[in-house]
4 protein chains.
Amino acid sequence: MKAFAKLRPEQGIDLIEAERPKPGPFDVIVKVKAASVCGTDYHIYRWDEWAREHIKVPRIIGHEFAGEIVETGYDVEPSLKGNLIAAESHIACGKCFQCRTGNSHICERLTIVGVDVDGAFAEYARIPAQNAWPIPKEVPVETASILEPLGNAVHVVYATQSTGNHVAVFGCGPVGLSAVALVKLSGALTISAVDINEYRLKIAQKMGASKIINSTTTDPVEEIHRDTEGRGAGLVLEMSGNDHAIKQAFRVVRNGGTVVLFGIPSKEVLLNIADDVIFKETHVLGIVGREMFRTWYRLESLLKTRKLNLDPLITHRMNLEKLEDAMTLIGSGNCGKIVLTT
Amino acid sequence: MKAFAKLRPEQGIDLIEAERPKPGPFDVIVKVKAASVCGTDYHIYRWDEWAREHIKVPRIIGHEFAGEIVETGYDVEPSLKGNLIAAESHIACGKCFQCRTGNSHICERLTIVGVDVDGAFAEYARIPAQNAWPIPKEVPVETASILEPLGNAVHVVYATQSTGNHVAVFGCGPVGLSAVALVKLSGALTISAVDINEYRLKIAQKMGASKIINSTTTDPVEEIHRDTEGRGAGLVLEMSGNDHAIKQAFRVVRNGGTVVLFGIPSKEVLLNIADDVIFKETHVLGIVGREMFRTWYRLESLLKTRKLNLDPLITHRMNLEKLEDAMTLIGSGNCGKIVLTT
Amino acid sequence: MKAFAKLRPEQGIDLIEAERPKPGPFDVIVKVKAASVCGTDYHIYRWDEWAREHIKVPRIIGHEFAGEIVETGYDVEPSLKGNLIAAESHIACGKCFQCRTGNSHICERLTIVGVDVDGAFAEYARIPAQNAWPIPKEVPVETASILEPLGNAVHVVYATQSTGNHVAVFGCGPVGLSAVALVKLSGALTISAVDINEYRLKIAQKMGASKIINSTTTDPVEEIHRDTEGRGAGLVLEMSGNDHAIKQAFRVVRNGGTVVLFGIPSKEVLLNIADDVIFKETHVLGIVGREMFRTWYRLESLLKTRKLNLDPLITHRMNLEKLEDAMTLIGSGNCGKIVLTT
Amino acid sequence: MKAFAKLRPEQGIDLIEAERPKPGPFDVIVKVKAASVCGTDYHIYRWDEWAREHIKVPRIIGHEFAGEIVETGYDVEPSLKGNLIAAESHIACGKCFQCRTGNSHICERLTIVGVDVDGAFAEYARIPAQNAWPIPKEVPVETASILEPLGNAVHVVYATQSTGNHVAVFGCGPVGLSAVALVKLSGALTISAVDINEYRLKIAQKMGASKIINSTTTDPVEEIHRDTEGRGAGLVLEMSGNDHAIKQAFRVVRNGGTVVLFGIPSKEVLLNIADDVIFKETHVLGIVGREMFRTWYRLESLLKTRKLNLDPLITHRMNLEKLEDAMTLIGSGNCGKIVLTT
């Protein structure tokens, strides 16, 4: 089968001919119909510090995808064949303390599709059967392919209290934008979306931000205090991983408020713990992945009740073979989600 | 009256003759019977960076104290006169959002006795009547004088879940030591107390630590992982403010666990947010002061039911006039709580 | 001044000439501009069992109101005069355990305006200054008069998790209807509103219910299970106080779900604790009044950000002198909120 | 093999010769070494209303047990053979909403060993491999056999806040007695244990109750209010299922407090919802079974750290063949836990 793989420890990606994967006893093989591109894929493409530390070549990459189950392992119900599914990309061991206490998303032996095992920028991909979430055939396959990053936003927003709160969202990549829409849906009083890219800020507005702030020209800390009687935001979602944004997030939160850290900084960050955490009694919550499978039930409910308009989010569709064009586009920042179809 | 005041912007403290304070309409005047010495007092004595930024001279210092109400303001119930009280040292405005929603300990206009207004290393001190918590006469006045720092520990421990948890406490000053005792009382599985001072670690053992770790000779991160099947501590209380300890606290916490930040670092701290907060889904909770007055009800209940043995905690008693000796002792680290009596 | 008072222990209400109240030191006198009628007022009018047990005649009734501060007590800031305010009707003692731990709405010595002390179906009413919540002059006085019952709904909905939940609301009186709007605003997946009165169910639809169920003709237990894949509602708000509805509320909730009890039954209710609470691990939460003053900050934010359309809720406006007509209308059930103006 | 089975729909139990069970692919076969007797077994023995509704004859009963794995199913790791295990008696489907969101103890298709499938008053018993919790060989097998009911108490106590609370426990059967010990370990201020049987109250005292109340001679509602400054208990654990006790539990809880309902009443119970739930804002929490497997990790930690003295709890040991004598003893109430060994 055709697949995009990282073959050498340097920038770039190669279109290769690989063997179609075979299922282990609890696996399914998925014919990939749509795959969307994640910032992580771009890190691997660029071969930056994070990638150098985490990826062993050769590796087929890509982990946000949807497709049809075409083969089932020995211990898997064969009637699953033919189902359209979206993939949970985190593979949990099922046996550790976290897995056995309802927290398999922070499994002690977690592996990730397209990072630790071969991924989905390919004709076929292998995942454990329990990671395949059935989607009604009426759901467009592009939508199904972005449930994984949308699930990140669901996990972030449902772990906190947006209702009746002033909310600030730092970082308007696809997960940040999804968070804006979910915070809006949850009845936030105001939603301030912060980024440095006008293209993305305009999408944020369409997703429901009540104010957009370009932090290259406006100080979000001052602006948000002005909008909240000097008190600050009750809930701050840090979705960028940028260290300036992280510091601003901690300045913006009001006494007793909550900061969610989701965006992954590439290096250590200097924090003013005294003023920004202790004296304000800030709650800080790290969030990663999707709760298996509470988040997926929530995604399913959101799809069924048609509560979210995701149209502004997917800005580009292209053939999987154009992966390098997608990478260039991500590098520019002038895109929402890019979905690749086969 | 006699009082210890900071008169000049430099190291030292002066014994002065000051006017006895007069009550405002909602205040009481307390004849100080015992006052204990806090790390903050030592910062002011030393005139370090924090003190230079926060203190305006002249200022009578001292904020942990107990005594007898000898005068009441116009709007205060006169029968309070004669009561033995312990003082809450944080003065809340009563009118801001935080005060009117049950969180006056993070009042938007908080002032602190002995820092922002004159304090209690003196014969008499003035506080708002509502900051005076009546104590039965049977309670030794030394004990009453340390309810303020003990209350810090109560606030920390009751905001979290020690029961059935492996707990690590970094920093064995008086508040950290009190936390050890409260964590023990709450049914922690194991309690690892970490410090660099053997004198204090020995007190930690008396307060109930199941293991003491001198971090100058033993790596607490390795040690605690070894004791918890490699998983780490479910609850970590950072009571030192030391930046090495803060980093270790974040390394020690297990996936999905909680880190309380209470000890105040003197400058910004470099944190590995990716590995230590996000990927582990760590909960971080800043804690300051005492909940007014939930914490005080809890202190009262602990006194009444005699649940805590505070004897190992108070290591030195001396006359108020020996304040400079107390400062030298604190500088050495070889003490628990020092109580000054008049 | 003119006032409506209960003079005799029997059905009815009398328009009397009463003395204008004088303020205590911490009170304000409010010139009543609008007062809305509560089910409690109707109980007192009818002189039912509840009224006979709780009301001592003579008593001026009415407790949901807004007006202008025209006089201030000795210890109250005089500049409050002239403010338009909405009244919190529950008077807390300020000194008990509940009051001093942020829960004054369940004060151990709570008294209620129009029930335990004279009320607001009158030209002037007296309340403690802290119970007077300033409202911008642009807010219509009718809206201001219903913040008290709207606040009940805010307290109910913000104490629970509507976001991403299937929600059932039993009872479509004004507080139930307000809850429907707030649940909608909070991003519930579906909202099933249940009542026996078509007039009220139609308002429920306008307030945002996704389904209305007339329980005289349709079994809400079956219907809601059908709509939730047989699982039941994750959140059930019982706002009626009717014992049939209470039982249905407990049948409708799914395993691990939450039932809020707000509607007050007139007598004891027979519950199947084994099947409906224990085996399902149901969370049951009693809710009363409004959190002082967390709920009022939330009301203020909702007004400022114009998040709620309350138009369908106020169905009748009439002159205060028509109070008996209002009572008849409430008896019929064919009304939402009735606002009386002076 | 020998087994005790209910053969006929009437009082009694029969010692029969049954076939040794065979494992399904995910099962293990356990050689039973100790089994303890539960109130449920007594209900089945007596053939009361509950038993008539829930049990289909013939059925081998018994569900609290420990033993050695002697056979493993096709998909089970064979090296488990030889392990000493304690059994989780609730069998979850693994596929429903509850199971996939960390709540398999309230699985939508739960079955129970010894109730819905054959049980453990036998030489051998079959359970799913994941229901077999390995126990170190040093743990006495009698202790291992009572981890299932002890787990009930762990689930109850860890779901609530005992630390710093006044706690009342109604019902001193084995689970109530275990709850007393756990509440004690968690740092409750006072623990009032209520029952009608002096034998059990004496055990409660040994387990750590600070006061025992025989409700046939003393009113627990008055007594507990007297001990808590008239305020009531902050946490009330209803472990009896008796309807008088349930009513008293609701009278005893203070405003804003929590009532756990664990004891299963045999019929509907009349509750004063207005005064006991709504006006007090009581939190009510139904609890059933053990969290799979959070509770078991907690049990394991408690065993390892030797935090609990369970000696007073096991009052009788006898040979499995004496099951009828055990039933008579349970009927009298004059026992704690009875452990049967083979």
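This text follows the structure it describes.
Structure report, in brief. (Residues numbered from 1 in each chain as written. Chains lettered and ligands numbered in written order. Predicted model: local features only at pLDDT ≥ 70, side-chain atom pairs only at ≥ 80, totals over all residues. Heavy atoms only, no water.)

**Thoughts on helix α4 (residues 147-158) of chain B**
Phase 1: Under the 1.5 Å per step criterion, the end-to-end length of α4(B) is 15 Å for 12 residues, consistent within 8% with the ideal 16 Å.
Phase 2: Summarising burial for α4(B): 12 of the 12 residues are buried, a large majority. (Helix = DSSP H or I, 4+ residues; strand = E, 2+ residues; numbered from the N terminus. Expected span 1.5 Å × (residues − 1). Buried < 20%, exposed > 50% of the residue type's maximum accessible area, 1.4 Å probe, protein only.)

**Section: the interface of chain B and chain A**
Phase 1: Each partner contributes residues to the interface: chain B has 37 residues there, and chain A has 37 residues.
Phase 2: In this assembly, chain B and chain A are joined by 2 salt bridges.
Phase 3: Taking the shortest distance from any N to any O, the salt bridge between R231(B) and E108(A) comes out at 3.2 Å.
Phase 4: Where chain B meets chain A, there are 17 residue pairs in polar contact (both at pLDDT 80 or more).
Phase 5: Among the elements of the structure, α8 (243-252), β15 (253-261), β16 (269-271), α9 (273-278) and β17 (283-286) of chain B are those that each provide at least two residues to the side of chain B that touches chain A.
Phase 6: Among the residues forming the side of chain B that touches chain A, the class breakdown is 20 nonpolar, 10 polar and 7 charged.
Phase 7: Pairing geometry for strand β17 (residues 283-286) of chain A and β17(B), over 3 bridges, is antiparallel. Residue pairing in the sheet places V284(A) in a bridge with V284(B) of β17(B). (Contact = heavy atoms within 4.5 Å. Salt bridge = Lys/Arg side-chain N within 4 Å of Asp/Glu carboxyl O. Polar contact = N/O pair within 3.5 Å; in protein donor to acceptor, adjacent residues only side chain to side chain. Nonpolar A, V, L, I, M, F, W, Y, C, P; charged D, E, K, R; others polar. Pairing = 2+ DSSP bridges.)

**So, the interface of chain C and chain B**
Phase 1: Chain C puts 16 residues into the contact, and the matching count from chain B is 16 residues.
Phase 2: Counting the surface chain C buries against chain B, the share from its top three residues, R100(C), R294(C) and Y297(C), is 49%.
Phase 3: Here chain C and chain B share 0 salt bridges between them.
Phase 4: Across the contact surface, chain C and chain B share 8 residue pairs in polar contact (both at pLDDT 80 or more). (Buried area = accessible area lost by both parts, 1.4 Å probe.)

**Regarding the relation of the copies chain B and chain A**
Phase 1: Rotating chain B by 180° and moving it 0.0 Å along the rotation axis overlays it on chain A with an RMSD of 0.0 Å. Such a combination of rotation and displacement between the chain copies is what one expects of a two-fold axis. Considering only C-alpha atoms, the part of chain B nearest the rotation axis is L270(B), at 2.1 Å.
Phase 2: Interface residue correspondence from chain B to chain A reaches 100%, placing this contact among same-surface, isologous pairings. (Least-squares fit on C-alpha atoms with pLDDT ≥ 70 in both.)

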